[in-house]
Amino acid sequence: MLSVLRVHLPSDIPIVGCELTPYVLLRRPDKTVTTDDVPEAAPLDGHFLRYKWYRVQSDKKVAVCSIHPSEQATLQCLGCLKVKVPVAKSYHCTPKCFSDAWQHHRVLHDRAASSGNENGNEEEELFGRFNNSGSGSITTTLSSSASSASLTNGSAPVYPAAITQRSGGETWFEVGRSKTYTPTADDIGHVLKFECAVVDAETKLTVGHASTLLTSRVIPAPLPSPRRMIHVEGMGHLDADARLTSTGTFTVLSYNILSDSYASNDLYNYCPSWALSWPYRRQNLLREIVVYRADIICLQEVQSDHYEEFFSPELDKHGYYGLYKRKTNEVYSGNIYTIDGCATFFRRDRFSHVKKYEVEFNKAAQSLTDAVIPTTQKKTALNRLVKDNVALIVVLEAKANQPVDNPGKRQLLCVANTHVNVHHDLKDVKLWQVHTLLKGLEKIAASADIPMLVCGDFNSVPGSAPHALLAMGKVDPSHPDLAVDPLNILRPHSKLVHQLPLVSAYSSFARTVGLGFEQHKQRLDNVTNEPLFTNVTRDFIGSLDYIFYTADSLVVESLLELLDEESLRKDTALPSPEWSSDHIALLAEFRCCKNRSRR
């Protein structure tokens, strides 16, 4: 007979908005072991599995700490309530917790007081903040009646919560009838119970004892402080609605989201396991991406299965059309669906897709070795050059109903999205990949008068040879990176040039005057004018991500403010419960301008 051997959850801590799907190990009637589901519609040997979820609700509502969300809060900051900081941010588990967090916490007060909580409602909705209603007292003895709202978790129709057990001031409410359950705001601070039972298909009666498990208390999704768009000409905070309706402008987001296949507990052991789990990170990443409301989104490290099953359908709901290029897999052994790649999305109401180019650096490596590498060195050359990286180039056209500067003229835009090789020792390969991409973009530029954007994770710090090639159009022959060239693929050095007038969007902060921009300039490298960091781990902090644009056809209007150490909570690396990638997102607003002569 069908029997349940084991049930457990991948993560011990349930988070609002993140699916909970228990692992259920079964023994079939033939004694084989499986994790396959046995639904009522397809019983096995006259039996199927029935699932139920319950919430234990006590007479008192429980608030959770904003710093340590797995801990129950005992303190609430009255200052937060006065300046209307989201209530969830006001809770702390101990006086020491509050004291240690004060430097960062004070920033929330200052920012809320100065902005009058501007866009607060919108941000709370889009980031998924949950308002734990409180009385404003320091000690969180918050009372709340048990919720009896109708529920929609599970495959069954909407049904009222059912009291199943009452003991010691606690009541169990049924909240779901499927294997997967997504905690809601009503669950915050409460324990959940999962029940799996074998049921006779004919009598619908439970056979034997049900297998159960209890979760930790449900916590709200920890969320970062909102980042504002800053107008680079000194006009301060640009309102999001104004940005969307501003004539002739569009926004571009570039973000390495950290593939789940790379997000190992060993590599990121400083991040809580529940915050590193993909069910949590994908929801947190989606909330962040959606709140930026970019017209064009360039994502890197997007797994094939995650693109197909999550990002493409979810962003489609928000009006985006997506294109994807998976890394080639000549050097990869394993599940093809976990290979990551580059995904580019654009708003369907703003742009239409004209053309797509796929750059496979492995193919370019093969062509290069066939042309210039001696036969005896070809295998060695390919081992060094074949690194699986790709670029996705998309040509878009502004919709006819969009405001443009030159009515009657097709408004085309070329967007390149890439992820350059990561290995520090392969400086020649990084530079060769960037040069190969730029040569391809030059061919497109030669065939059409078209503005260009080059976005991505270049795995190259400011001042490196790849960055110099992008930003300056050439590489100084004395650059130390050129000393690493065992295959002589970078010679002659005079060929390391391009004619695209590329400028880094975030260097615009350095060119902007005004008292309000000093704090932003302090977050730039004073030599290259690039951000001090876009990637933060325990082992590395620096800039690897860029948005370049052709300065003869585009002008930067505004930029998403850079993070500082206080925003990241000093001494905390990424990813974290608040930020779900080890990179930070870059977002720039552009305006088309009349073409000037190319350099």
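Residues numbered from 1 in each chain as written. Predicted model: local features only at pLDDT ≥ 70, side-chain atom pairs only at ≥ 80, totals over all residues. Heavy atoms only, no water.

Ranked by internal contacts, the top residues of the largest apolar core, which has 65 residues, are F250, I289, I296, L299, F345, L453 and F590. Excluding residues that lie within four positions of it along the chain, F250 makes contacts with D295, I296, R350, F351, L413, L453, L554, A588, E589, F590 and C592. Core analysis: the next-biggest nonpolar cluster, separate from the first, contains 42 residues, A365, L470, I489 and L502 among them. (Core = buried A, V, L, I, M, F, W, Y, C linked by side-chain atoms within 4.5 Å. Buried < 20%, exposed > 50% of the residue type's maximum accessible area, 1.4 Å probe, protein only. Contact = heavy atoms within 4.5 Å.)

A sheet is described by the order of its strands in space; here 3 strands give the open sequence β1-β2-β3, paired in antiparallel fashion. Unpaired on one side and paired on the other, β1 (3-8) and β3 (33-34) mark the two borders of the sheet. As judged from the 2 bridges shared by strand β2 (residues 23-27) and β3, these two strands associate in the antiparallel manner. Counted as the bridge partner of R27 is V33 from β3. (Pairing = 2+ DSSP bridges. Helix = DSSP H or I, 4+ residues; strand = E, 2+ residues; numbered from the N terminus.)

The strand order across the open sheet formed by 6 strands is β16-β17-β18-β19-β23-β20, and the pairing between neighbours is mixed. Pairing within the sheet leaves two strands with one partner each, and these edge strands are β16 (351-360) and β20 (502-504). When strand polarity is set aside, the average angle formed by the axes of neighbouring strands in this sheet is 20°. The pairing of strand β17 (residues 390-398) with strand β18 (residues 412-419) spans 7 bridges and is antiparallel. Looking across to β18, one finds that L392 is bridged to N417. Contacts between helix α11 (residues 427-447) and the sheet are confined to β16, β17, β18, β19 (452-457) and β20, with β19 contributing the most and set at about 160° to the helix. Of the strands in this sheet, β19, β20 and β23 (545-550) are in contact with helix α12 (residues 465-472), which crosses β23 at around 25°. (Axes fitted to C-alpha atoms, helices over the stretch in contact; angles between N-to-C directions.)

Attention now goes to helix α9 (residues 361-372). For α9, spanning 12 residues, the distance from its first C-alpha to its last is 16 Å, which sits close to the expected 16 Å at 1.5 Å a residue. Turning to α9, its buried residues are F361, N362, A365, L368 and T369. Looking straight down α9, one finds that the buried residues subtend no more than 115° of arc, so they occupy a single side. For α9, exposure combined with an orientation more than 90 degrees from the buried face picks out K363 and A371. Summarising the contacts, the buried residues of α9 are in contact with β16, α10 (378-385), β17, β18 and α11. (Expected span 1.5 Å × (residues − 1). Arc of directions from axis to C-beta.)

Here the bond from R491 into P492 is cis, since omega is -5°, no more than 30 degrees from zero. Secondary-structure assignment places P492 in the loop between α12 and β20. Of note, the bond from L574 into P575 is cis; its omega dihedral lies within 30 degrees of zero at 0°. Structurally, P575 is set in the loop between β24 (554-560) and β25 (586-592). Notably, K84 is not glycine yet its phi reads approximately 65°, a positive angle.

Using the criterion set out here, one finds 19 aromatic pairs in the structure. On the basis of an interplanar angle of 25° and a centroid distance of 5.6 Å, the ring pair of W53 and Y181 is categorised as stacked. Of this pair, W53 sits in strand β4 (residues 47-58) while Y181 sits in the loop between β8 (170-176) and β9 (191-200), and the two are 128 residues apart along the sequence. Following the ring pairs from residue to residue traces out a cluster consisting of Y51, W53, Y181 and F194. (Phe/Tyr/Trp six-rings, centres within 6.5 Å; stacked < 30°, edge-to-face > 60°.)

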